[in-house]
Amino acid sequence: MEELANFIPALLLYGAEMYSVALMGLSLFVVSSPQPPRTAPVIASGREPTVDIFVPSYNEDAGLLATTLAAASAIDYPRDRFTVWLLDDGGTDQKCEQHDLPAAREAQMRRETLTELCRELGVNYLTRPRNEYAKAGNLNHGLAHSSGELIVVFDADHAPARSFLRETIGYFNEDPRLFLVQTPHFFINPDPVERSLDTWRRMPSENEMFYGVIQRGLDRWGGAFFCGSAAVLRREALRETDGFAHSSITEDCETALTLHARGWHSVYVDTPLIAGLQPETFASFIGQRSRWAQGMYQILRFHFPLFRSGLTMAQRICYMSSILFWFFPISRAIFLVSPFFYLFFSLEIFNGSGAEFVAYTAVYLLINLFIQSYLYGKYRWPWFSELYEYIQTVYLLPALLSVMINPKKPTFKVTSKGETIDENRISEIGLPFFVIFVIQIIAVFVTFWRIATEPYSADITIVVGMWNLLNLIISGCALGVVSERAAKRHSQRMAITRRCSLLIDGVEVPAVIENVSMGGVRIRTELPADAKARVGMHAVVRVTPPDACISDTLPILVRKVALSEGAVVLGAQFNAKCAAHYQLIADLIFANADEWKKFQAGRRNNPGVLRGTVMFVMIAGFQTLRGLAYVTQLEKLTRRFAPGLFARAPR
Amino acid sequence: MRISQSRLFGSTRVAASLLAALLLLPVEAMAQPAFNLGDDGAGPVGAVVAPAFETRSDGGAAADARSPAFDIHGRMGWSGDAVTTPAKTAPAGAPFTMTAPGPAGASDPKPQPGPAAPGYAAPFQMLPGQPIAAAAAKPDAAGPMVPDRFIIPVPRLRLEGESVSRGWVTYFTQQEAERPVTLLIGYLNAIYVMPELSRLRVTINGQFVAEVPIASAQGPTQVKAAIPTGVLRAGGNLIRLEMRAVHRTDCSIESTYDLWMEFDNALTGMVFEGGPVPHPTMVDDLPAIGVDAQGTTNIRFIHPGPIESHHSDQILLAAQALALRGRFSHPVVSIVGTDPGPAPPGTLNVVVGLPQDLRNAMAFPPPIATNQPLVRFVNDSRAGGTVLVLGGETAGIIEAAIDRLATGSAHSDDNKVAISSRFAPDAPFFTGAGSVRFSEMGVTTQEFSGRRLRLRFPIGLPADFYGAANGQARILLDAAYAPSVRPGSQLSVYVNGSLASAYMLTERHGGLMERKVIKVPLTHFRAGINRVWIEVTLDVDSDEVCGPGATLVRQQRFVVFDSSEFVMDNFARIGRSPGLAAFIGRGFPYFQSTQPVAVVMRQDIPTVAAAATVMARLALSYEGTTLVETAPSPASLASRPVLFIGDINHIPPDVLRQVGVVDASKIRWLAAPPPRDGASQGAAPTWDSPLSTPSDASLEANVRVRSASGNNDILDRWRDEVTGESGLSAAILRFERWFKSTYGISLGGSGDEGDSEPFNPPPNSSVLVAQGFAPSSNAVWTLIAGHTADSLDAAIGDFTLPEYWLKIYGQAAVFDAATGQVDIRMARDRRFIVTEPLGPSNLRLIAANWLSLNIVTYALVLVLCCIVFAVVTSLLLRRRPKGGG
């Protein structure tokens, strides 16, 4: 039509806008009527189906696995009706016999250690000859060596609550065509954003929007899908498809899609029944998201749900919504660079006056915010979706484009979890965010310059400038995200109250466990005058053990001693020596899923659009400064001279 | 949004021109008496001019800044290489003749030194210290010539701006075309026009005829140019005037409004060698009747004795047919007795009727064969020489005769409206989506070096056009502007005098626009002919400085290509009444009806003449004729479209009530409207002062929309003043005003601006037009009334001038012949009249337009739809799918 230079960016922008509108329409359909909470059907005693619990592992360390396996073994279910399997892909024959000798030795060691651990925990250890088809292949290998009617999959870091099977198995008896009961993933550590922004305790986690609203919405339309872990599946259904699908790198969703298309049903139970870990660093967070985005694109490419026969119309829309969401990097990137086209190159990709912008775009933005607040307000604060999408866009865009060019290429990469960050630092992949930020700052100056020198087009310049400013605020907040704080522990402490007795310094005193994390506990006690608690001291906690546990004592190492109101409060690290100890730890952390629910409910408050926006702008401002302080090394100085300045975000 | 923006620009522009007008006002007021206004073209007296300029220099800084033109040669001491001082080199008083300049001469851009026309003498001779009386002693020995044929088809032809052109088609007979012809041009121009560089170019049929320096600020000057043989053709000839004007001193955009030239109809025309060519004697030569010195074609029906209704039927029908066949630009009908005298130029004598009517009117009526319609020119002493006879043995045969006359003109192209005898070429006619290139509308590719360029073209729309609220047209512009053009220069599109769209030129280093889309909302479009113009105003740095001689620099700044297009999108089509625009523009709904038009009037000469003039104009608007019934049965009136014409006192009160006009007794007509100082009185046109500001903009401002009582403006003003002080209510009022002006939403609720109380025309009305419905049906009644039959007849000639005629819309309108003022009253209760099959797409467009007009309803409907949608959705969602998945 008009000049090509204007036309192409304008067309891209138009496409991005249309994508956003269309996706919003799909999302509205999906969440139009979320499934209300279900009550689990009671399983008649003696009619419990046999269950195989698979814990696939690739490279997770034994401690992490021990906790998960211990928790899995402690599940409240007739012991003879379920089997726990550790499906180890880190100790396969292929790994043990590889030419890299140190690595081969390590694999052999791993196999030995884990075999021993499993023996102690009463869990089956299973490995396979070759690492084919990654996680899906591993699970299928497990399927081939087991025979339970139902299959439960827990990721290596997903430790189940005791009630897991009681809450999920009943549905299978009710509906013979049911192939899946999915439960939410509840994380006991903050993701990189939450940690950097220090919002973990007050703001719902990112995935709560998915598990709190979207999965329930999908469930309403019969489209709840398998999320790879924390789910129960029916072997009969999996047999129809020769096990788990593996043409994409998101085998979970693909499997669900295939089975949905064959007329099987799914159920989603909105109760957190497992607790897991999220990626700790920004880099592994991005790695995980890249896998999801690429996998979803592969599903779109290989299965195209919209025309997939066997699915109901609603299911097709649901799957399209879930998959198309992952195209956000493209539209985000366009929204990000579009203002530059105008401000730097004067390309006329906007055809409208300032007033038109206010009338159409601003109204759309506002309505969008209001609708989001109405639908997801409890689960997602305003503007945080934009932040999450922006921080992913920078890396997901190339990932997405590469899978679009070569859909078969991506391979399954295991997300590393349980990493720690020892010192404050900029993420190793944080540089682009600073570059973008600088360009945006320049664009702000260009905006003012153009308003001053070209008053005749000031209205459009102001509009574009405002747009850029919005991008800048988000981008500034992202600087904080990639400026990672040091974290001492993997998982956050969960408040619990549990009586125990403490053996310390030769005496045994009654005590109360106040909170617990994956790594340790806080214990409040009153010590007699002759006993002293010191840092570095070994102690033992005695608790009422779960049924199958052979031990009731748990060794700990005192890390911190504090006095409060006459009582002694000890911060202690677990010092687990054997499987039984892990069973006790698992029991402490995972015995009661109600705590998790309470914790989540505590974060689920809707701040509203206005307050949420103000909060976001304040957080963004603070994070921008923090990010800049990190990058300029100023942060190290302030830590010396004004400790705590960048320690906590503003409330 | 765009509209509100446009309004903003519009108001600033108006404000700017107002300011300019105010600045000029004292100058003008003082300068005016200095000119001998009654002077009709003999050389002005220099002595009289001088005080005028002295007054000006006394006038203060503003006036001073404008006067250096007179100092250039005196003080600045220019060498005079490029610009020769005309006063020194010109053989004063020598007749200016253009003899056969070839195309090379035509393209020669070099200023021609020493242009001097008869009567061109004064300003440059007033060098300081010289005796000013010296120049006055050179009268034009020859005196102005009177043309044999007048050619200007409008009462006053005026070209304004830096680069303007206007073309029209004038018809000549074979005899005329064969004779050697001299073109006469009598004109006057604004004193600001710099004669050295300003030129008027005349082309006929695209061939160069003359190029004249524009140098007649003192009074009308006549220039003569022989038309090369072979240029004139029998039939239509496109005469085109192109004016390029340069301001003497000023470089501002405002100054371009000071540049104008106006033609003297009486001094402009064709002189045939050997005296006037006899009157046309063939029916096909009817268009060659031409115009008189007022741009009017007079159709004189020769009819002795009283008028019966069957006479008026025939006169009203014949007037339509003649107007169409003759393609007259402005036909005015009169009815005279026998022996009217020979027909002056631009006059057609007609006798129409049965054999006995012909016998009454003529000395030797031609024989009428049985059953044969008679359509022939004959020469008859009693009927004023050459006279067109339309006769037949019965009324039916006469109708056939007239019909034969009309069908001869059946124009070929349905996509055009024939207006070229006023403004060539014909207007494109859109009945839906379509596009037309600029080249087809007479807008040529042109490079422009000035400040303000105006490209005008007409657009014809059907009577049932109903897209003003949401329709859209686009201009796909091929143009470019030079790097010197500052960003912020503007391109505006005006429709019927209102700003419709504005586009800012934003590129810093010039720009090339290829099919640049400029959206033009159809808000100001109406049924019939619409006047559209694109105005480009160019800001250039050098104009800001405006150093000496800056206006001489002719660097191209803007170019527009004739490959540009005007694209009309589809619009809704449904007739609506009352709606005077459709009546005026396309004779709706009278001409579309299969029945003869019922015309109710008194059968007296002025009323019938006025009615015939109106019918002739309507026939031109519709481009067809319709049968007329002037004595309809009273019973049938309630159920058919009726046209009431006459003096207000003879209009039945219930007719007034139906068309929404107050009772005749309540109308305070002025006893005798003041005589109009213009063309209608037959007097020589009075010249504007060369110092005066232009009239084009003020012509547009001559339309105002008023309420029934006319009190609203006063009320608004008082409310402003009274509430201006108090805080809150003023704020609310301001908000309401802003809201209304921005979004067109009245907080009061009603979207329509009309009001229900009867319309009381102001005292100075000459013609009142009002439309309503018959008491118990949807038949449209239209009233055209004047104070008396004579005053109506006198005013109707001006009223039917397209300049005024096309401005009529709404439910009622009054026209003041003295000032040309048109007052509009908006319609309130409008009913739809289905004209086209209501297909789904048309229905959609109609609904869209209606909802755009009734925006509050639209909002309510939208909210209602949302609620219904929400309820339905939630009911549907409540039905759980079986089995939970």
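Residues numbered from 1 in each chain as written. Chains lettered and ligands numbered in written order. Predicted model: local features only at pLDDT ≥ 70, side-chain atom pairs only at ≥ 80, totals over all residues. Heavy atoms only, no water.

Under an unreviewed UniProt entry, chain B has the name Cyclic di-GMP-binding protein and belongs to Ancylobacter aquaticus. The UniProt entry for chain B carries this comment under Sequence similarities (unreviewed entry): "Belongs to the AcsB/BcsB family." (UniProt positions renumbered as here; feature names shortened; annotations may be inferred.)

Caption draft 1: Main features of the overall build of chain A. Looking only at helices and strands, chain A features 22 helices and 18 strands. Relative to the globule expectation of 26 Å for 651 residues, the C-alpha radius of gyration of chain A, 26 Å, shows essentially globular dimensions. The dimensions of chain A, computed from C-alpha atoms along their principal axes, are 85 × 65 × 55 Å. The buried share of chain A, reckoned over its 651 residues, is 58%. Taking the contacts inside chain A whose residues are at least 6 apart along the sequence as the reference set, 79% of them involve residues at least 24 apart. Here chain A has roughly 27000 Å² of accessible surface; of this, 60% comes from carbon and sulfur atoms. (Helix = DSSP H or I, 4+ residues; strand = E, 2+ residues; numbered from the N terminus. Rg over C-alpha atoms; globule rule 2.2 N^0.38 Å. Buried < 20%, exposed > 50% of the residue type's maximum accessible area, 1.4 Å probe, protein only. Contact = heavy atoms within 4.5 Å. Areas by Shrake-Rupley, 256 points an atom, 1.4 Å probe, with all protein chains shown as cover.)

Caption draft 2: Looking closely at the overall build of chain B. A count of helical and extended segments in chain B gives 21 helices and 38 strands. Restricting the contact set of chain B to residue pairs at least 6 apart, pairs at least 24 apart contribute 80%. Carbon and sulfur atoms form 57% of the exposed surface of chain B, whose accessible area is close to 36400 Å².

Caption draft 3: Up close: the domain arrangement of chain A. Looking at the assigned domains, one finds that chain A contains domain 1 (4–29 + 329–484), domain 2 (50–168) and domain 3 (494–601). A C-alpha centroid distance of 47 Å is found between domain 1 of chain A and domain 3 of chain A. (Domains from an automatic or database assignment.)

Caption draft 4: Up close: helix H5 (residues 134–144) of chain A. Residue and element names in this part refer to chain A. With nine of 11 residues buried, H5 is to be regarded as a mostly interior element. Along H5, the residues that are buried comprise Lys-135, Ala-136, Gly-137, Asn-138, Leu-139, Asn-140, His-141, Gly-142 and Leu-143. Residues of H5 that are buried sit in contact with strand E1 (51–57), strand E2 (82–88), strand E3 (124–127), strand E4 (150–153), helix H10 (235–240) and helix H11 (251–261).

Caption draft 5: Quick look at the packing of aromatic side chains. All names here are of chain A. Under the counting rule described, the total for this entry stands at 41 aromatic pairs over all chains. Ring centres 6.3 Å apart and planes at 45° place the aromatic pair Tyr-395 and Phe-433 in the tilted group. Of this pair, Tyr-395 sits in helix H16 (residues 384–405) while Phe-433 sits in helix H17 (residues 431–453), placing them 38 residues apart in sequence. By the ring-pair criterion, three or more aromatic residues cluster together here, those being Phe-282, Phe-285, Tyr-388, Tyr-390, Tyr-395 and Phe-433. (Phe/Tyr/Trp six-rings, centres within 6.5 Å; stacked < 30°, edge-to-face > 60°.)

Caption draft 6: Representation of the sheet that holds strand E10 (residues 274–276) of chain A within the structure. Overall, mixed pairing links the three strands, which are arranged E5-E10-E7 (chain A) in an open sheet. Edge positions in the open sheet fall to strand E5 (159–160) and strand E7 (186–187) of chain A, since each of these has one partner strand only. (Pairing = 2+ DSSP bridges.)

Caption draft 7: Just the environment of A:Pro407, in detail. Residue and element names in this part refer to chain A. Within the secondary structure layout, Pro-407 lies in the loop between H16 and strand E11 (425–426). For the pair formed by Pro-407 and Asp-422, sequence separation is 15 residues and the distance between their alpha carbons is 37 Å. Residues in contact with Pro-407, not counting those within four places in the same chain, are Gln-298, Arg-301 and Phe-302.

Caption draft 8: Layout of the pattern of salt bridges. Residue and element names in this part refer to chain A. In the structure shown here, the tally under the stated rule is 50 salt bridges over all chains. Here Asp-89 ties to Arg-128 by a salt bridge, and the two come within 2.8 Å at their closest N and O atoms. Of this pair, Asp-89 sits in the loop between E2 and helix H3 (93–96) while Arg-128 sits in the loop between E3 and H5, and the two are 39 residues apart along the sequence. The pair Asp-89 / Arg-128 is uniform in exposure class, with both members buried. Measuring nitrogen to oxygen at the nearest pair gives 2.9 Å for the salt bridge that ties Asp-155 to Lys-135. (Salt bridge = Lys/Arg side-chain N within 4 Å of Asp/Glu carboxyl O.)

Caption draft 9: Seen up close, the side chain of A:Asn138. Secondary-structure assignment places A:Asn138 in helix H5. Discounting residues that sit within four places of it in the chain, A:Asn138 has contacts with A:Pro56, A:Ser57, A:Leu87, A:Asp88, A:Asp89, A:Arg128 and A:Glu132.

Caption draft 10: Highlighting the pairing of strand E15 (residues 374–380) of chain B. Residues and elements named next belong to chain B. For E15, the tally of buried residues reaches five of seven residues, placing the bulk of the element in the interior. The sheet contact formed by E15 and strand E16 (residues 385–391) spans seven bridges and is antiparallel. From the neighbouring strand, Asn-379 faces E16, where its bridge partner is Thr-386. Connecting E15 to the antiparallel partner E16 that follows it, the hairpin turn spans four residues, and Gly-384 within it adopts a positive phi of roughly 80°.

Caption draft 11: Broad picture of the environment of B:Val212. Residue and element names in this part refer to chain B. Structurally, Val-212 can be placed in strand E7 (residues 207–213). You can call Val-212 buried: its relative accessible area is 3%. C-alpha of Val-212 to C-alpha of Ile-185: the two residues are 27 residues apart in sequence and 9.5 Å apart in space.

Caption draft 12: Highlighting the UniProt feature "transmembrane region" (unreviewed entry) in chain B. Under the present numbering, the feature "transmembrane region" (unreviewed entry) in UniProt falls on residues 855–877 of chain B. Between the end C-alpha atoms of residues 855–877 of chain B the distance is 32 Å, and the span holds 100% helix and 0% strand.

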